[in-house]
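# Understanding the architecture of this molecule
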Amino acid sequence: MMKRKLKNILVTGGAGFIGSNFIHYIFKNTSFCGKIINIDKLTYAGNLENLNEINRRYSGKGYFFERADICDFNEIKRIFQKYDIDTIVNFAAESHVDRSIFGPRDFVLTNIIGTFTLLEVARENWKDREDVIFHHISTDEVYGSIEDGAYFYEDTAYKPNSPYSASKASSDHLVRAYHKTYGLPLTVSNCSNNYGPYQFPEKLIPLMLLNIFEEKTLPVYGDGKNVRDWLYVEDHCRAIWEILNKGKEGETYNIGGENEWENIELVNFLCEKIGQLQGKDKDYYKKLITFVKDRPGHDRRYAINCDKIKRELRWRQIFDFEEGLDMTIRWYMNHQDWVDRVRSGEYRKWLEKNYKAR
Ligand code: NAD
Ligand code: DAU
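In this report, we go over the structure that sits alongside the text. (Residues numbered from 1 in each chain as written. Chains lettered and ligands numbered in written order. Predicted model: local features only at pLDDT ≥ 70, side-chain atom pairs only at ≥ 80, totals over all residues. Heavy atoms only, no water.)

### Re the environment of Arg-300
Relative to the helices and strands, Arg-300 resides in the loop between strand 12 (289-292) and helix 10 (307-313). Residue class for Arg-300 comes out partly exposed when judged on its relative accessible area of 38%. Linking Arg-300 and Glu-147, residues 153 residues apart in sequence, is a C-alpha distance of 7.9 Å. (Helix = DSSP H or I, 4+ residues; strand = E, 2+ residues; numbered from the N terminus. Buried < 20%, exposed > 50% of the residue type's maximum accessible area, 1.4 Å probe, protein only.)

### Remarks on unusual backbone geometry
A positive phi angle, close to 50°, is found at Asp-84, a residue other than glycine. With respect to the secondary-structure elements, Asp-84 resides in the loop between helix 3 (73-82) and strand 4 (87-90). Of note, the phi angle at Glu-215 is positive, near 55°, even though the residue is not glycine. The topology assignment puts Glu-215 in the loop between helix 7 (204-213) and strand 8 (218-221).

### Some words on the pairing of strand 2 (residues 35-40)
Counted residue by residue, strand 2 has five buried out of six residues, so it is predominantly covered. Bridge count between strand 1 (residues 8-12) and strand 2: five bridges; the pairing is parallel. Looking across to strand 2, one finds that Val-11 is bridged to Asn-38. For the crossover from strand 1 across helix 1 (residues 17-29) to strand 2, the handedness is right-handed. Looking at chain direction, strand 2 and strand 3 (residues 63-67) are connected through five bridges and run parallel. The residue bridging Ile-39 from the neighbouring strand is Glu-66, located in strand 3. (Pairing = 2+ DSSP bridges. Right-handed = clockwise from strand over helix to strand, strands pointing away.)

### A few points about the site of ligand 2
The immediate surroundings of ligand 2 are formed by 23 residues, with Thr-139, Asp-140, Tyr-164, Arg-295 and His-298 found nearest. At 2.9 Å, a side-chain N or O of Arg-228 approaches an oxygen atom of ligand 2. Protein contact buries 94% of the 690 Å² of open area that ligand 2 shows by itself. Counting residues per element, the ones that place at least two in the shell around ligand 2 are helix 7 and strand 8. The leading source of residues in the shell around ligand 2 is strand 8, at three residues. When its residues are assigned to classes, the shell around ligand 2 shows nine nonpolar, eight polar and six charged. (Near = heavy atom within 4 Å. Polar contact = N/O pair within 3.5 Å; in protein donor to acceptor, adjacent residues only side chain to side chain. Areas by Shrake-Rupley, 256 points an atom, 1.4 Å probe, with all protein chains shown as cover. Nonpolar A, V, L, I, M, F, W, Y, C, P; charged D, E, K, R; others polar.)

### As for the packing of aromatic side chains
For any pair of aromatic rings, the description consists of the separation of the ring centres together with the inter-plane angle of the planes. The full count for this structure, using the stated rule, is 23 aromatic pairs. With a centroid separation of 6.3 Å and an interplanar angle of 85°, the aromatic rings of Phe-107 and Tyr-164 are classed as edge-to-face. Of this pair, Phe-107 sits in helix 5 (residues 105-125) while Tyr-164 sits in helix 6 (residues 163-182), placing them 57 residues apart in sequence. Looking at Phe-107, the relative accessible area reads 2%, which means it is buried. Ring centres of Trp-331 and Tyr-332 lie 5.0 Å apart, and the angle between their planes is 80°; on these two criteria the pair is classed as edge-to-face. Through pairs of rings, three or more aromatic residues link up here, namely Tyr-195, Tyr-232, Trp-261, Phe-269, Phe-319 and Phe-321. Here the guanidinium or amino end of Arg-99 rests over the ring plane of Tyr-44, the centre of that ring lying 3.5 Å away. One residue, Lys-280, lies across the ring of Tyr-284, its end atom 5.2 Å from the ring centre. (Phe/Tyr/Trp six-rings, centres within 6.5 Å; stacked < 30°, edge-to-face > 60°. Lys NZ or Arg CZ within 6 Å of the ring centre and 35° of its normal.)

As far as function goes, none of this settles anything; it's purely spatial.
If you want it as structure tokens, here you go:
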């Protein structure tokens, strides 16, 4: 298996949950010694505090940050040329399904037009270059909902049901088309639900953890029997790193936890774990569970088959769910400052002050 020589990696959306974990992963777990250029628009979900340590240790010496919108062609082109980019990892997106239901516009702009803009800049700047790679981060949600016992494979037909997944599906199709039509060197990965440090507390696991800590209501949508497949974020980051280094051009790789849980089972489990940690009765926090109105178009079950990446790139999940959850629970318990600043919006005030001129 040939290993690519990655030099100047453009990470889009690197201040978000998975993007910031990915940057930490590279500096902590690999011998990469080129440049990481993080571009992020810093929406509500982008938080540079996620990268404080990286910034302090590597800024200007391997790590660079530029605030930019991936929809801005001229700005992306400038950054592309300034750093002589040879690798792109496109995380930047509007990522929360509920927000896409309330207001799909930003999803269409960032997820579709933003990806299109990156593809165009790459096409213009990478003419005939073979030592380059564009990796697009996608989701299992593009495959739609699947019945019990069946799985999503890389060639499963797309059937997105929310504005979020429809916008991600659309960007995946553009990526595929740029490979087929223009020969742009591309790879795609479709991953299941991630959890871990730095996840914005609007997503199920951090939202439930924080509400349990504060003894607030735990809102479970519908009957709580929707199924998700959970993967610890560092396992996802390592899969992306493997694909960047060894993934075959033009290929899609499914990534998953092989770890399916009904939402209600998972929320019960979180209640028990935290109860145990705090020396309370194991059912103590369950009284907080409240069934609320269902999410419109709520997909019933996602389930990824990830045999291909295991077979071809020798990737596998390292963290089992209990271990990953323990690390995540402890991370949120030990980062009350981060939580307070995110929830109060304090982290954005800092941003506005520091980036007022732009
Ligand atoms: P996130 O919402 O935490 O982070 C998104 C980041 O993108 C933020 O830093 C935000 O500021 C930035 N961004 C948004 N619009 C931008 C724009 N126009 N220009 C530049 N930056 C912009 O998301 P996440 O959960 O880290 O997800 C990252 C990627 O992984 C997304 O593409 C998502 O679809 C995909 N994904 C997420 C999961 C999951 O469970 N979270 C699972 C599979 C795939
Ligand atoms: O499958 C990958 C996808 O996982 C990613 O592409 C998305 O970016 C990411 O947000 C996530 O989407 P989900 O909709 O699956 O994640 P969320 O955490 O919003 O919800 C998980 C499940 O929990 C889902 O069935 C809805 C339910 N839920 C969610 C919230 C926020 C609740 O029951 N109550 C809640 O308060």
